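Spelled out, the chains give:
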Amino acid sequence: MRWYRWIAVKLGLLAAPPSDSHRSVHINHVDPLEVPTEYPDNRIVSSKYTVWNFLPKNLFEQFRRIANFYFLVVSIIQLSIESPVSPVTSIAPLMFVVVVTAVKQAYEDWLRHTSDLQVNNRAVKVVRNGELHRIKAKDVVVGDIVYVVDEHKFPCDLVMLSSSNDDGRCNVTTANLDGETNLKVFQCAPDTQGMQTIEALSALRATIQCEQPTSDLYLFRGRLLMHTEDEASRPPARVISLNQQNLLLNGARLKNTRFIYGCAVYTGQQTKMALNSVYQSKNKWSTIEKGMNKFLAFFLLVLLLEVGVCTGLKYWLASRPGGHPWYNPDANGSGATAQMVVQDLFAFLVLFNYIIPISLYVTIEMQKFLGARFLAWDGDLYDKERNLPCKVNSSDLNEELGQVEYLFSDKTGTLTENDMIFRKCAVGNRRFADVNDRLFEILDGGATHHVQVDLSEPDMSAFILLLVLCHTVAINEPSLLNVALDMGLKNKGRRKGRSFSDESMRLRQLKGEVLYEGASPDETALVSACRRYGVVYQANRDNCYVISYLGHEMTFPILKVLEFDADRKRMSIVVRTSDDCVTIYVKGAETAILPRCTVGNIDAMQASVDAFAQEGLRTLVMAERKLTNEQWIASMAELSEANNFLVDREKKVREVHDYLENNLTLLGATGVEDRLQDGVAETLESLRIAGVKTWILTGDKQETAVNVSYSCGHFKKSMQAFHLTKCGDVSTCETLLQTMHQTINHEADKQYCFTVDGPSLKIAFEHHPGLLQKVCLACVAVLGCRMSPIQKALIVKMIKDSPDRPITAAIGDGANDVSMIQAAHVGLGIFGKEGRQAARAADFSFGRFRMVMKIFLVHGHWYYHRVSTLVQYFFYKNVAFITAQVFFSFFTAFSAQTVFDGAYLTLYNIVFTSLPILAFGLFEQDLSARALLAQPHLYSYNKKNAKLSIKEFVKWMILSVWHTLVFFFGFYFLMAPNGVMSQDGKTYDMWTFGTAIFTTVVVTVNLKLLILSRHWNGFLLGALAISFVAYAGLSVIYNATIWKGLVTPDMYWVFFMVFDNPAMPLCILLLIVAALLPDLALQVLESSRLRATYLKQIFSCRPDRKKRWFPADQRKPSVDGSVMREVVPTQPFGFQNGSLHHSETSETII
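Procedures and definitions
- Residues numbered from 1 in each chain as written.
- Predicted model: local features only at pLDDT ≥ 70, side-chain atom pairs only at ≥ 80, totals over all residues.
- Heavy atoms only, no water.
- Helix = DSSP H or I, 4+ residues; strand = E, 2+ residues; numbered from the N terminus.
- Contact = heavy atoms within 4.5 Å.
- Areas by Shrake-Rupley, 256 points an atom, 1.4 Å probe, with all protein chains shown as cover.
- Pairing = 2+ DSSP bridges.
- Axes fitted to C-alpha atoms, helices over the stretch in contact; angles between N-to-C directions.
- Salt bridge = Lys/Arg side-chain N within 4 Å of Asp/Glu carboxyl O.
- Buried < 20%, exposed > 50% of the residue type's maximum accessible area, 1.4 Å probe, protein only.
- UniProt positions renumbered as here; feature names shortened; annotations may be inferred.
- Polar contact = N/O pair within 3.5 Å; in protein donor to acceptor, adjacent residues only side chain to side chain.
- Core = buried A, V, L, I, M, F, W, Y, C linked by side-chain atoms within 4.5 Å.
- Parallel < 35°, antiparallel > 145°, perpendicular 65-115°, else oblique.
- Left-handed = near helix turned anticlockwise from the far one by under 90°.
- Nonpolar A, V, L, I, M, F, W, Y, C, P; charged D, E, K, R; others polar.
- Disulfide = S-S within 2.5 Å.
- Expected span 1.5 Å × (residues − 1).
- 1 Å grid on protein atoms, 1.4 Å probe; cavity = no way out; pocket = protein on both sides within 12 Å on 5 of 7 lines; lining within 4 Å.
- Points joined across faces, edges and corners; volume = space filled by probe spheres on them.
- Phe/Tyr/Trp six-rings, centres within 6.5 Å; stacked < 30°, edge-to-face > 60°.
- Lys NZ or Arg CZ within 6 Å of the ring centre and 35° of its normal.

1. Concerning the overall build of the protein chain
Looking only at helices and strands, the protein chain has 36 helices and 42 strands in total. Across the protein chain, contacts joining residues at least 24 apart in sequence account for 73% of those joining residues at least 6 apart. Total accessible area computed for the protein chain in this model is approximately 50800 Å², and 58% of it derives from carbon and sulfur atoms.

What follows is the structure, given as structure tokens:
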């Protein structure tokens, strides 16, 4: 590549040339086969700018904005023509906005640079030249053998070579990658697992061939080519396949393993964590930003219209007989040239350009950035269990929280605790229940406490053996904690981000207790249940599971683990149960297991699974298959051959898995409880009253999901239920949807709930999307079960694209929820046990589902009210200010003479009127948090961007025009010939006229915020005081001196002349009052209307037969048997200082 192409690639102007689809990594930099390839170093770069590119890159990004680019063009025009005002009037505000934005972005990037330095400079140990060297993490290169000890993070992506465990395994937590706190087991290649010394590793001659880096955390394809010292030019002696179980990811932490050695394969920006650090999703824009851009386009048209009208009238007036101005009798309008017309067009453009608020963008950015801190500071949104506050990943969408109409929610880990407890199981035709940590048979619908199960029975023994063997649970041994503490890894106090449960676990370890940690909470629950029944998983030694079965120790060699994946929906473990027999234990969803079973009572097991699901339990089905040694050896050969493929490996491996996991013998099923989180039912009810429709989209089976929906109040007994499930063909699906649609049309007064499963949804999406959309939109609540991640995203997109274009939000806690979260307008993530991938992909992340209520009803309402008012206010104050200049042009024969001094034009937006609206945007509360939570229906008033509607916009513009009419013509008639004069008998000049108008404008537009505000606070009042003092102080300094080259003599002492005659201050006061009277009257009318609405809402209640009181639009019965809180307001709202306050209420538990 030529040098200029290299520079172009580095600058991002040209794409890098395509590389090979695979890479070869020579372990320990020994190159037996080929010349080594250069790879990126291990430097992590999350920053956006460097010292060299900050200025051009930042300026380019800022001037991509319409408003900034517009003022840049205006500034250039002012420098190019004989401008009626100084170019400083446009350049100075533009520079202020650009500098403030640049400083903010530079500070944020400096924080990223600081974080990068900490990561890049941490100490790492590598094997080089036969010795263990201590280097910085950034100096690790591909091919290095890295040494990592317990409780340390992996500095890059490593292929594991060996570990302190003789079986070549290690335990890892990937909480930093996907948030899963459960341990995962990784395995090194059999040929290298014995290389536990530096000498052995230094003598290793091997090459790793693997795919180029990808962002998929759960996929890795490669192979290890083993060589000897004298066969560098010959084919390798042995080829070992590598997969995701051999790859240790950067950012993951080694747990319960003394040390590991690994070879660096992906470094720096090519690690999977770096590739996942930024989701390549479409940028989200808030509704207010879209409306704001429309307003900007409208005012640009108004500006062009004003410029065109004034220019045309100027030449029309000059062309009339006697139309030349009296002060220039020689002027001739017929001699106009194109250059003169352009000059005048640009002159009027410069005069009127202030109708576009230049500081709007920077103020909104500051308001959103600072306002987002309130979510992090809110104690109600702090998760004490995990020691995590609410996190805002995208403050650009703050106000969208106040307009959500549809909420799409995952179930497991989002609505539930994801804390599994074994409750029931079924073996053959019998069912069993866990009672006080003992297993009893269920007879006549209940567990008989006097008949305990005999675990030595053949059927029960086979079932319990599967539970205790078919897993990847790791044992958290207390001895390893002491090793970590001895190495100086013990932290003083609790580490940030570590939950209280983590600390409790470490304390239990210190006491010598053996703990189970698994990749799935279900697995841990099952193994723990077996321990309670006397079947204890004791250890994993030399790749053998050691168990104690009712006091008898047994050892089972583990031959292969077929990990769980979402496509198969099952996992298997291959165990040698005798010298001539190999047993495959399989567990998974009933849809993935039962069709593969050939032995066992499948119908009875399906009935047991359905019964468990009706109780809201998560179900798994267990089965086994026995193979002879010959069958197993043949299958292993096929699997090894499939694993050695670098192309289509997954397909070939899946075919072998399908063969092994077939012709199964059914053993039993389990039911595990995952209880609801606290506050879920109350939150869903509040959201329903607020007008937010909640849809639950889950991968669980239908019976479990429906039961949970009823238990949490998502579905209610009073709703008519529709079901679109188990549809095997297009005609059945169409018939059901048509029937539902007709029922809804004929009985529109009823409330409907709708349940759909994944297979039926696929048919409906392909053949009847419009009909499906109509049915879903007409239902109050929708439940999707057996949903794949892509189907969740498609449902969200279907509602987003519906005719009403509602604002949608999606909430989840796992990696399978990421596509749904990114598809919605607002993404919400839960810091859950399924992982933090959803939390990282979301716009807002927090700990518990119940926090949604306050985030939407309180913070969302406040954010929307603040930002919508801020946008309208900016356009209002600029119209009220600059329209006087348009009026003035009619009285100056359109001579492009300015009525305001250049200094006032410069400082109006960036000094005199910027701070109060920022304080308003940060601290305004039109209603208290208590009132908003007590009356959730208030949330619905902001839907459809109500405060930026055409009606609201016209109201603001009428008031702005009224204000400017009062200002301009009030002083015009006051200073008309024979009007008010100064004390020395002189009439006021043009600059006094303009300064008087400007003073009135500054005071009025700032005082208007006091009328708008319902929450007067020290920040707002202080900001107003600062603005008034700044205007007065700067005006005194500016008018009391003559600064050659900076201040024109025309403004000398003008500000003092305005207040020379008492009539002028009195006139300013009267004009301010006259201008603000309509605003005050509208606020009083609005408050009265709101108060009447609230009182009507409360007093239009009627008692039902159970003497429960509900507002008219909330008379919907609750779930039968549920506990319901009724809030009976006594004088529910009161008005104090123009603000609505919620008073004390009495509460009755019914």
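2. Let's talk about the sheet that holds strand β15 (residues 406-409)
Within a sheet, adjacent strands bond to each other through the backbone by hydrogen bonds, running parallel or antiparallel. With respect to topology, nine strands assemble into an open sheet ordered β14-β36-β35-β34-β15-β30-β33-β32-β31, the strand pairing being mixed. If you trace the sheet from one side to the other, it starts and ends with β14 (391-392) and β31 (720-724), each paired once. As defined by bridge partners, strand β30 (residues 693-697) adjoins strand β33 (residues 781-785) across three bridges and the pair is classed as parallel. Counterpart to leucine 697 in the pairing with β33 is glycine 784. Its contacts with the sheet put helix α24 (residues 769-778) on β15, β30, β31, β32 (752-757) and β33, and the angle it makes with β32 is roughly 135°.

3. A look at the pattern of salt bridges
If you walk through the whole model with that rule in mind, you get 31 salt bridges. Note that glutamate 673 and arginine 423 form a salt bridge whose closest N and O atoms lie 2.8 Å from each other. Of the two residues, glutamate 673 sits in strand β29 (residues 664-673) while arginine 423 sits in strand β16 (residues 421-427), which places them 250 residues apart along the sequence. Put simply, Arg570, Arg596, Asp658 and Glu661 are held in one network by salt bridges that share partners.

4. A short note on the environment of lysine 384
When you line up the elements, lysine 384 lands in the loop between α11 (373-377) and β14. Owing to a relative accessible area of 59%, lysine 384 belongs among the exposed residues under this scheme. For lysine 384 and glycine 847, which are 463 residues apart along the polypeptide, the C-alpha to C-alpha distance reads 8.7 Å.

5. Description of the sheet that holds strand β9 (residues 222-226)
In spatial order, the strands read β1-β8-β9-β10; together these four strands make up an open sheet with antiparallel pairing. Sheet topology places β1 (22-26) and β10 (238-242) at the edges, where each strand pairs with a single neighbour. Between one strand axis and the next, the sheet turns through 20° on average, direction left out of account. Looking at chain direction, β1 and strand β8 (residues 206-211) are connected through five bridges and run antiparallel. Along β8, the bridge assignment pairs serine 24 with glutamine 209.

6. A few points about unusual backbone geometry
One non-glycine residue, alanine 893, lies in positive phi territory at about 55°. Note that alanine 893 resides in the loop between α28 (851-890) and α29 (902-912). Residue alanine 893 is classed as partly exposed on the basis of its relative accessible area, which comes to 31%. The backbone of lysine 944 sits at a positive phi, close to 60°, despite the residue not being glycine. Relative to the helices and strands, lysine 944 is located in the loop between α31 (929-934) and α32 (950-974).

7. Things to note about the UniProt feature "binding site: Mg(2+)" (unreviewed entry) in the protein chain
UniProt feature "binding site: Mg(2+)" (unreviewed entry): in the numbering of this structure it lies at Asp410, Thr412, Asp813 and Asp817. Across 408 residues in sequence, these annotated residues keep their C-alpha atoms within 10.8 Å of one another, forming a single compact spot. Mapped onto the elements, aspartate 410 comes out in the loop between β15 and β16. Excluding anything up to four places from it in sequence, aspartate 410 contacts Leu415, Leu697, Thr698, Lys792, Ile811, Gly812, Asp813, Asp817 and Met820. Side-chain polar atoms of aspartate 410 contact the side chain of lysine 792, separated by 3.4 Å. Here threonine 412 is to be found in the loop between β15 and β16.

8. Examining the pairing of strand β13 (residues 259-266)
Across the eight residues that make up β13, a large majority, eight, are buried. Sheet topology note: the strand β4 (residues 145-149)/β13 ladder contains five bridges and is antiparallel. Paired with valine 149 across the bridge in β13 is phenylalanine 259. Bridge count for strand β5 (residues 157-163) against β13 is six bridges, and the pairing is antiparallel. Looking across to β13, one finds that methionine 160 is bridged to glycine 262.

9. Remarks on the nonpolar core
Counting residues in each nonpolar core, the largest one holds 98 residues, and the members touching the most others are Val871, Phe875, Phe881, Phe971, Ile997 and Phe998. Broken down by element, the residue count for this core peaks at 16 residues, all from α28. Setting aside residues no more than four positions away along its own chain, isoleucine 997 makes contact with Ala884, Phe900, Phe967, Phe968 and Phe971.

10. Describing the pairing of strand β3 (residues 131-136)
In this sheet, β3 lies alongside strand β2 (residues 123-128) in antiparallel orientation, the contact comprising six bridges. Looking at β3, one finds that alanine 123 is bridged to lysine 136. Taking the residues between adjacent antiparallel strands as the criterion, β2 and β3 are bridged by two residues, where asparagine 129 takes a positive phi near 55°.

11. Comments concerning the packing of helix α4 (residues 88-120) against α29
With their axes 8 Å apart at the nearest point, α4 and α29 run at an angle of 25° to one another. Our classification of the angle between α4 and α29 gives roughly parallel. Here α4 runs over α29; the crossing is right-handed. Taken together, the residues of α29 that come into contact with α4 (itself represented by Val88, Thr89, Ala92, Pro93 and Phe96) are Gly902, Leu905, Thr906 and Ile910. Here the contact of α4 with α29 is composed, by residue class, of six nonpolar, three polar and no charged.

12. Some details on the packing of helix α20 (residues 680-689) against α28
One way to put it is that α20 packs onto α28 with a least axis distance of 8 Å and a crossing angle of 25°. On the basis of the axis angle, α20 is roughly parallel to α28. Crossing angle aside, the handedness with which α20 passes α28 is left-handed. Here Glu682, Thr683, Ser686 and Leu687 of α20 lie close against α28, whose contacting residues are Val852, Met853, Phe856 and Leu857.

13. Here's the deal with the state of the cysteines
Counted under the stated rule, the structure contains zero disulfides. Free of any disulfide, cysteine 156 has its nearest cysteine sulfur in cysteine 263, 8.6 Å distant. Of all cysteine sulfurs, the one in cysteine 263 lies closest to cysteine 210, which takes part in no disulfide; the gap is 9.0 Å. Cysteine 210 gets classed as buried once you look at its relative accessible area, which sits at 0%.

14. Brief notes about helix α34 (residues 1018-1040)
For α34, built from 23 residues, the straight-helix expectation of 33 Å at 1.5 Å per residue is met to within 8% by its first-to-last C-alpha distance of 32 Å. Along α34, the residues that are buried comprise Leu1020, Ala1023, Leu1024, Ser1027, Tyr1031, Ser1035, Tyr1038 and Asn1039. Taken together, the buried residues of α34 touch α29, α30 (915-923), α33 (990-1012) and α35 (1054-1058).

15. Here's the deal with empty space enclosed by the protein
One water molecule sets the probe size; rolling that probe over the atoms shows where empty space is left. Inspection of every chain in the model, using the stated rule, returns two cavities of 30 Å³ or more. When its volume is computed, the second largest cavity comes out at roughly 40 Å³. Looking at the second largest cavity, the residues that line it are Phe71, Thr89, Pro93, Tyr354, Ile358, Leu905, Thr906 and Asn909. Residue assignment for the lining of the second largest cavity shows that the elements contributing at least two residues are α4 and α29. A total of three residues in the lining of the second largest cavity trace back to one element, the largest contributor, which is α29. Partitioning the lining of the second largest cavity into residue classes produces five nonpolar, three polar and no charged.

16. Thoughts on the side chain of aspartate 901
Within the secondary structure, aspartate 901 sits in the loop between α28 and α29. Within the structure, aspartate 901 has its side chain in polar contact with the side chain of tyrosine 1038 (distance 2.4 Å).

17. Notes on the packing of aromatic side chains
Tallied over the entire structure, the rule returns 55 aromatic pairs. Here the aromatic rings of phenylalanine 295 and phenylalanine 953 are separated by 4.6 Å at their centres, their planes lie at 15°, and the arrangement is stacked. Of the two residues, phenylalanine 295 sits in helix α8 (residues 287-319) while phenylalanine 953 sits in helix α32, which places them 658 residues apart along the sequence. Between tyrosine 972 and phenylalanine 973, the aromatic rings sit 5.4 Å apart at their centres with planes inclined by 70°, giving edge-to-face as the arrangement. By the ring-pair criterion, three or more aromatic residues cluster together here, those being Phe881, Phe900, Tyr904, Tyr908, Phe912, Phe998, Tyr1031, Tyr1038, Phe1055, Phe1056 and Phe1059. Directly above the ring of phenylalanine 369 sits arginine 373, whose terminal nitrogen or CZ lies 5.6 Å from the centroid. Here the basic side chain of lysine 1008 rests over the ring of tyrosine 876, its NZ or CZ set 5.0 Å away from the ring centre.

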